[in-house]
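In case you want the letters, here they are:
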Amino acid sequence: MSEGGDSVIEELERGKWPSYIREWKRAGYTGMVEIYRRALEDGRTHFVHGGMIGYPGYDSGIVGRLTDLPEVLESSHLFRIYEPAGWFYRASELRRLAEIWKKHASGVINFHGAQGDMQLVGIPRENIQKAFEELAEIHFDIGSSGATVRTLSCCSGPAICELACADTLDMFQTIAMHFIEDTHRPRFPYKFKIKISGCPNDCVAATARADFAIVGNFRDGIRVDQEALGEYPAERVEEVVRSCPTGCMEYDGELRIRMQDCTRCMHCINRLPKALSPGEDRGATLLIGARSRGRYGAFLAWVLVPFIKAEPPYREIIDIIEAVLEWWDEKGNPKERVGETIYRVGYPKFLADIGEKTGIKPSPEMIQKPRANPFWSYRR
Amino acid sequence: MMEMPLSFDELDFGPPHYRDMLPPVCRRNYGKWKYHEHVRGGIIRHVAESGEEAYSVRAGIPKYLSADTVIELCELAERYCEGYLKFTSRHNIEFIAGDRESAERLAGELERLGFPVGGTGRCLKAIIHCVAMSHCHMAAADSLSIAKALYEEFYEDFRNPEAFPERVKIAVSGCLNMCGATHASDIAVIGVHRRPPVVEDAVVEKVCSVPELVKSCPTYAIRPKRGNPRSVEIDEEKCVYCGICYSLCEGIRIHDPENDGVSLWVGGKASNTRAGPLFARLVVPYIKPEQPRWSTLVGTVRRILEVYRQNARRGERMGEWIERIGWERFFRLAEIEFSEKCIDDWIFSVETFRRGTNFKMP
């Protein structure tokens, strides 16, 4: 129930922050306003299990959404769109997409889903075909759902950011197209998310939520432009030196970095962007296994490959992803994300299993610390 | 039934190519940017090796946009940015303008349309949240109205690039599925259930797979029902109300308006800066739902953010600050009553217990 006298909807339309209710109303999608009002007043969602809808030739990406109040809103099916790399859009296409959605569906669009895809909400089943035909004309493909290689996401990378150690957009395009059939046709134990960040700042939070995270990184030293450094106030530089987590920096008018102690956490580079920049021997770190809720709780991704060159056509990275998928396809239980399968089977066993195919060897970069418990097996 | 309008070799054409979607200034300076600096809240100046400049103008959106609003935003892009626009990884809208003056004019236009310009620097970053009760059957709480309530409360902190010692990332999830990296956010609000689900035998028998349900349960609380193996029964002592079974089977009702609500977690981050990625940790196990204003929740977040603002060192993320001063001190400073539910009792719990005597005395 609303705390004040007004209806919850009126309350949520007001305020300084732009209101989603006003957007729904502007699109004329009153069914959604009403079903949402009822949910807030009743304290429970009125959406129920919807199942898959799909499209001929596709087995994922269009998700059924049904409610338990069909007299208010019977369905509000969700049409996922594969977003362009880095969420860059040309206005002419985006405008056309909006017009198509207005014509064939609710005219309400979610920018974007947690996965990174664009979500067009509220399409009647009978309009799906026409809508997709028109979307295909402006090259917007269906996204993904279910036990697939999900639609990728990546940061802006080299398009606008000087910190990019890897070409996130090009890698996105190449890897997305390589796995496009697996994006639209479920065949794995569960979903598999790939996310690409250009540097360890990890703007797409790949480490937090990707089954397979590609994080741009560099191997050599941080580049220091001493002259540009002089343009910053000394106190600012001293503060950065003080707050370095590894204590690998010294400053006496000139900045010295002991690279063997540096973990390239990006902190100093972020704080002094005019003077410091990533090294020139660039590539990526590959991490594996993140997920939020699951049988064993939440996982953050851990290191699989400490450093790999990431150059077109990214064959080595794609080979590793394929080896991981093949292993997981065989070993994974239904509804088990790859990190959980690895946890259940054991990371050493996983590494042994994929080692021959990928050339990945166990190394101390993969762990925070070695085991403290004395239980292991010499069987293998 | 739908016909097959596209032939098989026309399917799977994938996302639009990024080269067609990049503003000309980004194409010209691709991979050749030199540095960036914050001009003011919501505007970032990028300088390329060629000397060319670009100005990112960032504004908050309400996640859902109507087609007409999208068209208006496209018009702005055509007027100021050669017909290109982008969204950010935190779901802001962003325009890349060629000079400071058009960036400022564009910012003014966005504000006039009701989109707050900000989200850069040490501010409250855009809140990541799921669609909850507007579109999802799993929601235990409505993250949309929670995000709106938090935005209203911290509106100026979104616009101010020097609002906090370091950036603050808030994420809101309607349920334990945690859509949107809530487990790695400075402040996370997560919808929770607090009672075991109710099994509706007739539905389970008709549409659900008993073996799948039994296997899905993380605590082995589900077993075939005695006397009726086509349905299941739940050991209420073992159930942790996670809702995984409901996600598989609509006959296992988990929603309970009397007892559902939200939990509050702090100190997570995904970035590798300084401390590296951290999990958010539970500080308040339950806050009752108070849509649409969520006063108790918003008040608690306010208290935490003010304590952080006053006590943390410049450059210190929430989790880094708490790790430095100690969680025991954090609970006292933020005046949060410690609950036994904050003590982990799951698989990885032992690592979180205090070893030795190195803690701060109350």
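Residues numbered from 1 in each chain as written. Chains lettered and ligands numbered in written order. Predicted model: local features only at pLDDT ≥ 70, side-chain atom pairs only at ≥ 80, totals over all residues.

Scanning chain B for helices and strands turns up 12 helices and 15 strands. If you line up chain B on its principal axes, its C-alpha atoms span 75 × 70 × 35 Å. The 362 residues of chain B split such that 54% are buried. In chain B, the share of contacts with a sequence separation of at least 24, taken over all contacts with a separation of at least 6, comes to 66%. (Helix = DSSP H or I, 4+ residues; strand = E, 2+ residues; numbered from the N terminus. Buried ≥ 20, exposed ≤ 12 C-beta atoms within 10 Å, placed from the backbone. Contact = placed C-beta atoms within 7 Å.)

This part covers the confidence of the model for chain B. Summary statistics for chain B give a mean pLDDT of 95 and a share of 98% for residues scoring 70 or more. For this predicted complex, the interface confidence comes out at an ipTM of 0.96, alongside a pTM of 0.96. (pLDDT = per-residue confidence, 0-100.)

Residues and elements named next belong to chain A. At their nearest, the axes of helix 12 (residues 315-331) and helix 14 (residues 347-358) sit 10 Å apart, and the two run at 135° to each other. Our classification of the angle between helix 12 and helix 14 gives oblique. In this structure, helix 12 meets helix 14 at a crossing whose hand is right-handed. Contacts from Asp 319, Ile 320, Ala 323, Val 324 and Trp 327 of helix 12 reach helix 14 at Phe 350, Asp 353, Ile 354, Lys 357 and Thr 358. (Axes fitted to C-alpha atoms, helices over the stretch in contact; angles between N-to-C directions. Parallel < 35°, antiparallel > 145°, perpendicular 65-115°, else oblique. Left-handed = near helix turned anticlockwise from the far one by under 90°.)

As a further point, take the environment of Asp 220 of chain A. Residue and element names in this part refer to chain A. Topologically, Asp 220 is positioned in the loop between strand 10 (212-218) and strand 11 (223-224). When the 12 C-beta atoms within 10 Å are taken as the criterion, Asp 220 is described as exposed. Put simply, Asp 220 and Met 259 are 39 residues apart on the chain and 7.8 Å apart in space, counted from C-alpha to C-alpha. Not counting the four nearest positions on each side in its chain, Asp 220 is found in contact with Gly 279, Glu 280 and Asp 281.

Turning our eyes to something else, we now look at the sheet that holds strand 7 (residues 128-129) of chain B. Residue and element names in this part refer to chain B. A sheet is described by the order of its strands in space; here five strands give the open sequence 7-8-9-14-15, paired in mixed fashion. The sheet is open, and its two borders are formed by strand 7 and strand 15 (281-287), each paired with just one other strand. Bridge count for strand 9 (residues 187-192) against strand 14 (residues 261-266) is six bridges, and the pairing is antiparallel. For Val 189, the partnering residue across the bridge sits in strand 14 and is Leu 264. (Pairing = 2+ DSSP bridges.)

This part is about the domain arrangement of chain A. Entries for chain A in the domain assignment read domain 1 (8-137), domain 2 (153-219 + 282-366) and domain 3 (223-277). Taking only C-alpha atoms, the centre of domain 1 of chain A and the centre of domain 3 of chain A are 47 Å apart. (Domains from an automatic or database assignment.)

This next bit is on the interface of chain A and chain B. Taken residue by residue, the interface counts 107 residues in chain A and 107 residues in chain B. Sorting elements by how many residues they give to the side of chain A that touches chain B places helix 4 (residues 91-104) of chain A first, with nine residues. In terms of residue class, the side of chain A that touches chain B is built from 57 nonpolar, 24 polar and 26 charged. Sheet topology note: the strand 6 (residues 108-110) of chain A/strand 4 (residues 64-66) of chain B ladder contains three bridges and is antiparallel. Paired with Asn 110 of chain A across the strands is Tyr 64 of chain B, a residue of strand 4 of chain B. (Nonpolar A, V, L, I, M, F, W, Y, C, P; charged D, E, K, R; others polar.)

This part takes up the nonpolar core. Among soluble globular proteins, nonpolar side chains are generally buried collectively. Counting 236 residues, the largest nonpolar core has Val 57, Ala 77 and Phe 95 of chain B as its most contacted members. Those residues in contact with Ala 77 of chain B that lie beyond four places of it in its chain are Ala 91 of chain A together with Gly 83, Tyr 84, Leu 85 and Phe 95 of chain B. (Core = buried A, V, L, I, M, F, W, Y, C linked by C-beta atoms within 7 Å.)

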